[in-house]
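# Residue-level structural notes
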Amino acid sequence: MERLCSGWEFTARWTEEFQRFEGPAEVVRLPHTVRELPLHGADHRAYELLCGYRRRLFLPESRRGRRLFLQFDGAAHQAVVFVNGREAGRHRCGYTAFRVEITGLVTFGAENRIAVRLDSREDPAIPPFGHVIDYLTYGGLYRDVWLDSRPQAYIDDIFVTTPTLTHAQVRLTLAGDGPVTVQLWDGETRLAEQRGEGTEYLFHLPQARSWAPEHPRLYRCRVLFGGDCQETTFGFRTAEFKADGFYLNGKKTFLRGLNRHQSWPYVGYAVPERLQREDARILKEELQCNAVRTSHYPQSPWFLDACDRLGLMVFTEIPGWQHIGDEAWKAQACENVREMILQNRNHPSIILWGVRINESLDDDGFYSRTNAIAHRLDPSRATSGVRYLEKSSLLEDVYAFNDFSHNGVTPGARRKKDVSPDSSKALLISEHNGHMFPTKAFDPWEKRQEHALRHARVLDAAMASGEHAGCFGWCMFDYATHLDFGSGDRICYHGVLDSFRNPKPAASLYASQGEDRPVLEVGSSMDIGDYPGGQTGTVWVFTNADQVALYKNDQFVTMLQPGPWKALPHGPMPVEDTIGCLLETQEGFPKDKAQRLRYCLLSAKKYGLAGMPAADKARMLACMARYHMKYEDGVALYGKYVSNWGGQATSWRFDALRDGQVVASVTRCPDARLHLEVRPSHTCLQEGDTYDMAAVRIRILDGQGNVAPYAQLPVRLTLEGPAVLVGPDVVTAEGGMCGTYVRTTGPGEAMLTVSAPGLEPVTVRFAIVLEHTP
């Protein structure tokens, strides 16, 4: 297919004159958002427009005799396509692709006029609209547009399933009759070929290698029919949900993932392939997830392709949020199910179809239809639907439950028998945490640490239960929302990352569950001024190390071990009960006295002297009296040896050990030597039929390499060369972190300089090359 993303013109107000290609318009390239929005305080009314796009398209005489289609991968939310003034087709969903045939509407050897009337308003007549929605829905031709030229007899669809790890079933939909050749390829090696005139072909490949998160092997199915040749990628894998969990390729596999929206600051949904793939990379490589839920709608084909290639399993679902409309609305939702499955069913990464409106009430008539559509179009995959209801009517194969029961004290997950109406079917947690504990990057240390611990408790409980197939945390990153939700600035601070994909401590909880790279994050700054009375309380370390050695001012204190976790591969390690260890290191302080004093002081710290239970208080005071020590003297001694209040600043060093070797080290110490860290997603960008983009993550770090959360400085962005900034050129480092985006305008070299008051500027160079077109 030929990409048609350049040469478009845009108007924020659709008119007949615009359709006739009269009057001025803004020149744009796709993906495009109808209006850029601020990071904070974004208003949904700004993007609710009846707007228009138009483009000229020259078709040479050589195209005569072929069938021509325009394909729109994403037009939010209702589109009517005109070709040379005549309607070619319309579409009423902003989250699925659509095609219109233009063969009979075009003139060959001449320029043709394509216009799109786009309604980006939140129309209650179609999903997901009709009531409040906890995310912004943006607007625009925000994905790619293509011209597909086919012969008169062509291949309409290829569907590949793998009933076993060595069998591939190929089903074809053909427009016309004639001989067919079906081939299976591994890279440039043709593995098998069959010829015939039918539409179903079964292959047996004993040497096939399976698709899995650890080794996401992909193959290609190529079909030749008359003058047409089409391909699709696929993987040999089986995916089965049973009563006790999920089985990938016959092996029980726990789905450890996060929910993801498809939005970015300023431009909403409108980013190119590069950034779609980058989100998948962050999930798999940085956060060490093996699964993602595309909440609450089908997402970019580029994102799904990246999931295929990286080995990231996907739970995808139809558009919607709690509301169910009238019969016409339901009919459109059924059409959305059909389009979602037909467009995405060859992705091996997709393991589960969501065929209910997210968090909606039961409607057996409606959901019997959506479930039947899914099973008819794809018998190879299970169905589900996300609900917050206990014992909801279960028509699908998997009970997906938003478990928000954990509040920091209660158990991490509900039991299956208390939630699901059918114990013979699988249960998974489709959301947890989120609005139960919103956490900003600039919140106090205790809250950011607790945010990570809440994710850990739910994940640990679900894994330990033996009856949960998986657990999807809410959510990957902070996102803009409607005024009905979120904080006062209309942002839901629910992410383990901020809006620019900078990590909060909770990100380290997920990252530490993997084995690919050493992870070590300390849940506190260890600065006594951040805590009442200078007492830090229990600090947690998030790591995948075997042990962590703790040092105070380079003097060994203790060896940290995982806490009381039941099932996490790498549970967070508590830094507690170190009082006695610290006192023992002081010359001349008796060991037995240190141990008893540790108990006394920990008890008092937990309850406060006035609030301690009478028995505990009596036991503590008796213990201290044995050493002729008053409570106040014990606290003073603790302060002298542990808290260092009034003394010199303390340096705490955490060394992560694997097999006895230090693999990572973190030092916490007051440090005003600040510097900028600038991390672009890519520095080599490509200019083609459309622009390319790089995401740039910016953090202010101290001299030890730790984020400086109080350095909420203005950050200036200066860009030179054939590129533009997306968003403002001055931003605020919120919690010491911020970001920006660089969008190409042509080939050459671009330079981004990032500066902040009192800090050394950092310059990043981008090489922008012309995309090679075969």
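Residues numbered from 1 in each chain as written. Predicted model: local features only at pLDDT ≥ 70, side-chain atom pairs only at ≥ 80, totals over all residues. Heavy atoms only, no water.

## Here's the deal with the overall build of the protein chain
Quick note on the threshold: Secondary structure elements are defined from DSSP: runs of H or I of at least 4 residues count as helices, runs of E of at least 2 residues count as strands, and each element is numbered from the N terminus. Note that the radius of gyration is over C-alpha atoms, with the globule rule given as 2.2 Å times the number of residues to the power 0.38. Burial classes follow relative accessibility: with a 1.4 Å probe on protein chains only, a residue under 20% of its type's maximum area counts as buried, one over 50% as exposed, and anything between as partly exposed. Two residues form a contact once any of their heavy atoms are found within 4.5 Å. Accessible areas in this description were obtained via Shrake-Rupley with a 1.4 Å probe; residue shielding takes into account the shown protein chains only. Counted as positive: Lys and Arg. Counted as negative: Asp and Glu, with His and the chain ends omitted from the count. For charged residues, the charge sits on one atom: NZ in Lys, CZ in Arg, CG in Asp, CD in Glu.
Looking only at helices and strands, the protein chain has 12 helices and 50 strands in total. Here the C-alpha atoms of the protein chain give a radius of gyration of 29 Å, agreeing with the 28 Å that 2.2 N^0.38 yields for 774 residues. Among the 774 residues that make up the protein chain, the fraction classed as buried is 58%. Residue pairs at least 24 apart in sequence account for 69% of intrachain contacts in the protein chain once pairs closer than 6 positions are excluded. Element-wise, carbon and sulfur atoms account for 50% of the exposed surface of the protein chain, whose accessible area totals about 29800 Å². Put simply, the protein chain has 87 plus and 95 minus side-chain charges, and the middle of one group is 2 Å from the middle of the other.

## Some words on the environment of Trp329
For Trp329, the position within the fold is in helix α4 (residues 327–344). Here the alpha-carbon distance between Trp329 and Leu657, two residues 328 residues apart in the chain, equals 57 Å. When residues no more than four places from it in sequence are discounted, the contact partners of Trp329 are Pro124, Ala125, Ile126, Pro127, Phe129, His323, Ile324, Ile357 and Phe366.

## Considerations on the pairing of strand β21 (residues 228–234)
Remember that side chains alternate between the two faces of the sheet whenever the strand is regular. Let me state the cut-off plainly: Here, strands pair whenever DSSP counts at least two bridges between them.
Sheet topology places strand β20 (residues 219–225) next to β21; seven bridges connect them, and they run antiparallel. By the bridge assignment for β21, Val223 is matched with Gln230. Counting the residues that bridge the hairpin from β20 to β21 gives two residues, and of these Gly226 lies at a positive phi of roughly 60°.

## What about the sheet that holds strand β49 (residues 748–755)?
What counts is decided by this rule: Working convention: axes come from line fits to C-alpha atoms, limited for helices to the stretch in contact. Angles between N-to-C directions cover 0 to 180 degrees.
Here five strands make up an open sheet; going across it, the order is β43-β50-β49-β45-β47 and the pairing mixed. The strands lining the two open edges of the sheet, one partner per strand, are β43 (684–687) and β47 (730–732). Taken pair by pair, the neighbouring strands of this sheet meet at an average axis angle of 25°, ignoring direction. Across five bridges, strand β45 (residues 714–720) lies against β49 in antiparallel orientation. In the sheet register, Arg716 faces β49, and the bridge partner there is Ser755.

## A closer look at the packing of aromatic side chains
Note the cut-off: Only centres within 6.5 Å qualify two rings of Phe, Tyr or Trp (six-membered ring in Trp) as a pair; their planes then separate them into stacked at under 30 degrees, edge-to-face at over 60, and tilted for everything else. The rule for a charge over a ring is simple: NZ of Lys or CZ of Arg within 6 Å of the ring centre, and within 35 degrees of the ring normal.
Within the structure shown, the criterion is met by 27 aromatic pairs. Through a chain of ring-to-ring contacts, the aromatic side chains of Tyr47, Tyr95, Tyr135, Tyr138, Tyr142, Tyr269 and Tyr297 assemble into a single cluster. The aromatic ring of Phe477 is capped on one face by Arg501, whose charged end is 3.5 Å from the ring centroid. Here the guanidinium or amino end of Arg743 rests over the ring plane of Tyr691, the centre of that ring lying 5.3 Å away.

## Section: the nonpolar core
Rules: Only buried residues count toward a nonpolar core, which is a set of Ala, Val, Leu, Ile, Met, Phe, Trp, Tyr and Cys residues joined through side-chain atoms within 4.5 Å.
Membership of the largest hydrophobic core comes to 53 residues, with the highest contact counts inside it found for Trp8, Tyr53, Leu70 and Phe72. Counting residues per element, this core draws most heavily on strand β4 (residues 50–59), at four residues. When sequence neighbours within four positions are dropped, the list of residues in contact with Phe72 reads Trp8, Val81, Thr96, Ala97, Phe98, Val116, Leu141, Asp144 and Val145. Phe254, Cys307, Tyr367 and Ala506 belong to the second-largest nonpolar core, a separate cluster that totals 51 residues.

## Focus: the environment of Phe401
Looking at the secondary structure, you find Phe401 in strand β30 (residues 398–402). In this structure the C-alpha to C-alpha distance between Phe401 and Arg92, which are 309 residues apart in sequence, comes to 29 Å. Beyond its immediate chain neighbours, meaning those up to four positions away, Phe401 contacts Arg387, Tyr388, Leu389, Glu390, Arg414, Val419, Leu427, Leu428, Ile429, Ser430 and Glu431.

## Some details on the pattern of salt bridges
What counts, and what does not: Every case where a carboxyl oxygen of Asp or Glu lies within 4 Å of a side-chain nitrogen of Lys or Arg is listed as a salt bridge.
Under the counting rule described, the total for this entry stands at 58 salt bridges. Ionic pairing is found between Glu36 and Arg743, a salt bridge with its closest N-O pair at 3.7 Å. You can see Glu36 sitting in the loop between β3 (26–28) and β4 and its partner Arg743 sitting in strand β48 (residues 737–744), a full 707 residues away along the chain. Assessed through its relative accessible area of 40%, Glu36 is described here as partly exposed.

## Structural notes on α4
Inclusion rule: Expected helix span is computed as 1.5 Å times (number of residues minus one). Any pair of nitrogen or oxygen atoms within 3.5 Å is treated as a polar contact; in protein, a donor-acceptor pairing is required on top of that, and neighbouring residues in sequence qualify only through side-chain atoms on both sides.
Between its terminal C-alpha atoms α4 stretches 26 Å, which fits the 26 Å expected from 18 residues at 1.5 Å a residue. Regarding α4, the residues found buried are Trp329, Lys330, Gln332, Ala333, Cys334, Asn336, Val337, Glu339, Met340, Ile341 and Asn344. Elements in contact with the buried residues of α4: β8 (86–91), α3 (301–310), β27 (313–317), β28 (350–354) and α5 (364–377). The residue sitting at the N-terminus of α4 and contributing the capping side-chain oxygen is Asp326; that oxygen lies 3.2 Å from the backbone nitrogen of Ala328.

## What about the sheet that holds β48?
Sheet architecture is open: four strands sit in the order β42-β44-β48-β46, paired in antiparallel fashion. Looking at strand neighbours, the two that pair on one side only are β42 (675–680) and β46 (723–726), the edges of this open sheet. Averaged over all neighbouring strand pairs, the angle between strand axes comes to 25°, with direction disregarded. Inspection of the sheet shows β42 paired to strand β44 (residues 693–701) by six bridges, in the antiparallel sense. Within the sheet, the bridge partner assigned to Arg679 lies in β44 and is Arg697. Across the face of the sheet, helix α2 (residues 273–286) comes into contact with β42, β44 and β48 while running at roughly 45° to β44.

## Observations concerning the pairing of strand β13 (residues 154–164)
Counting buried positions over the 11 residues of β13 gives eight, a clear majority of the element. Looking at chain direction, β13 and strand β14 (residues 167–175) are connected through eight bridges and run antiparallel. Bridge assignment links Asp157 to a residue of β14, and that residue is Thr173. Where β13 hands over to β14, the hairpin turn is made up of two residues, counted between the paired strands.

## Quick look at α5
The line we're drawing: Starting at the helix axis, one direction is taken to each C-beta atom, and the arc is that of these directions.
With 14 residues, α5 extends 20 Å from end C-alpha to end C-alpha; this agrees with the ideal 20 Å at 1.5 Å per step. Those residues of α5 lying buried are Phe366, Tyr367, Thr370, Asn371, Ile373, Ala374 and Leu377. All buried residues of α5 fall inside an arc of 155° around its axis, so they share one side. In the core, the buried residues of α5 are packed alongside β13, α4 and β29 (382–387).

## Some remarks on unusual backbone geometry
Here the residue pair Ala76 and His77 is connected by a cis peptide bond, since its omega of 10° sits within 30 degrees of zero. Along the chain, His77 turns up in the loop between β6 (75–76) and β7 (78–83). The step from Trp474 to Cys475 runs through a cis peptide bond, and the omega angle for that step is 0°. By the element assignment, Cys475 lies in the loop between β32 (468–473) and β33 (479–480). Unusually for a residue other than glycine, Tyr138 sits at a positive phi of about 50°. Summarising the element assignment, Tyr138 is placed in the loop between β10 (110–119) and β11 (140–141). Judged by its relative accessible area of 6%, Tyr138 falls in the buried class.

## Comments concerning the confidence of the model for the protein chain
Low pLDDT means the predicted atomic positions in that stretch should not be read closely. For clarity, the cut-off: Confidence scores here are pLDDT values: one per residue, from the predictor, ranging 0 to 100.
Chain-level statistics for the protein chain give a pLDDT mean of 92 and a share of 91% at 70 or above. Scored below 50 in pLDDT, residues 583–589 shows 15 contacts in the model against residues more than four places distant or in partner chains.

## A closer look at the side chain of Gln288
Here Gln288 is to be found in the loop between α2 and β26 (291–294). On the basis of relative accessibility, which here comes to 9%, the residue Gln288 falls in the buried class. Within the structure, Gln288 has its side chain in polar contact with the backbone oxygen of Glu285 (distance 3.0 Å). Among the polar contacts listed, one links the side chain of Gln288 to the side chain of Asp516, at a separation of 3.3 Å. Beyond its immediate sequence surroundings of up to four residues, Gln288 is in contact with Arg256, Leu283, Tyr510, Ala511, Gly514, Glu515 and Asp516.

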